[in-house]
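Below, each chain spelled out in residue letters.
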Amino acid sequence: MSNDIKLTIELPTGVFVEKQVPAVILPAVRAPIEILPERAPSVFVLDYGAVEISGKGVDGKDKYFIYSGAAEVVDNHCKIMTQEAIKASDITINAAKEMIEKADNDNQRLFYEMIVDHMRGVRRRYLRTLRSMRKRKGRWAFRKRKEKANLV
C-alpha cells in the first residue's frame with residue numbers, strides 16, 4: 001500500500017502543480033471529498049473552492065483555489081483539470097476584492113468572491129449558486145422562481 005497520492009492540477013496552458021501528498025480534499029459539487037491512497041477509480045465534478053492538502057504531518061496551510069472543473073482519481077494519482085488555479089498563499093483578501101471589480105464576466109467574479117468568502121470562513125456551493133443568482137442593485141441576490149401554471 002502506497003503512503004502518498006500524486007496530485008496534479010492542470011490548466012489549459014499546462015501543469016500548474018505536481019507533487020506527492022498524503023491526502024487531498026476536493027471541492028466536489030455535492031460536498032467536499034477526501035481522497036486517500038488506494039481509493040477506487042473515480043471521476044468528480046468540482047465546484048469553485050479550495051483543494052486542500054491534508055494528512056499526517058501536514059499543517060493545513062497548503063491550499064489551491066480552483067475555478068471549478070473535474071477530477072480523475074486512478075492508481076494513487078489525483079488529476080484535477082480546471083480553467084484557473086491560485087495558490088492560497090499567493091493572494092490576499094484585498095487583491096481578490098480588486099479582481100472582483102476587474103472581472104470580465106460572472107464566472108470570474110464568482111471565482112474571486114469564493115476566495116474572499118473562503119478567507120473569511122464562509123462556505124457555500126457556488127455552481128448551484130451561479131444558476132440561481134443575479135445581480136440586483138450592485139449585490140448578488142437569489143432569482144425569484146417563476147410560478148408554474150396549474151395544470152388541471
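As a reminder, the structure under discussion sits directly above these lines.
Since this is a predicted model, take the numbers as computed values, not measurements. The written sequence of each chain sets the order in which its residues are numbered from 1. pLDDT decides what is reported in this predicted model: residues at 70 or higher carry local features, side-chain atom pairs at 80 or more are listed and counted, and totals for whole chains, interfaces and linings draw on all residues regardless. Side-chain numbers come from the whole structure's heavy atoms, not from hydrogens or water.

One non-glycine residue, S68, lies in positive phi territory at about 50 degrees. Secondary structure is summarised from DSSP: a helix means a run of H or I of at least four residues, a strand means a run of E of at least two, and numbering begins at the N terminus for each. Take S68: it is sitting in the loop between β7 (63–66) and β8 (69–74). You will see that N76, though not glycine, has its phi angle at about 60 degrees, which is positive. As for its position among the elements, N76 is in the loop between β8 and β9 (77–81).

Attention now moves to the pattern of salt bridges. For this analysis, a salt bridge means a side-chain nitrogen from Lys or Arg found within 4 Å of a carboxyl oxygen belonging to Asp or Glu. What the rule picks out here adds up to 4 salt bridges. Its salt-bridge partner being D62, residue K19 comes within 2.5 Å of it at the nearest N-O pair. Of this pair, K19 sits in strand β2 (residues 14–21) while D62 sits in the loop between β6 (49–54) and β7, placing them 43 residues apart in sequence. For K19, a relative accessible area of 25% translates into the label partly exposed. Exposure classes here rest on a 1.4 Å probe applied to the protein chains alone. A residue is buried below 20% of its type maximum, exposed above 50%, and partly exposed in between.

So, about the side chain of S54. As for its placement among the helices and strands, S54 is situated in strand β6. In this structure S54 comes out as buried when scored by relative accessible area, which is 13%. Within polar-contact distance, the side chain of S54 engages the side chain of E34 at 2.9 Å. When sequence neighbours within four positions are dropped, the list of residues in contact with S54 reads P22, A23, V24, I25 and E34. Polar contact is the term for a pair of N or O atoms within 3.5 Å; when the atoms are in protein, one must be able to donate a hydrogen and the other to accept it, and sequence-neighboring residues count only if both atoms are side-chain atoms. By definition, residues are in contact when any of their heavy atoms lie within 4.5 Å.

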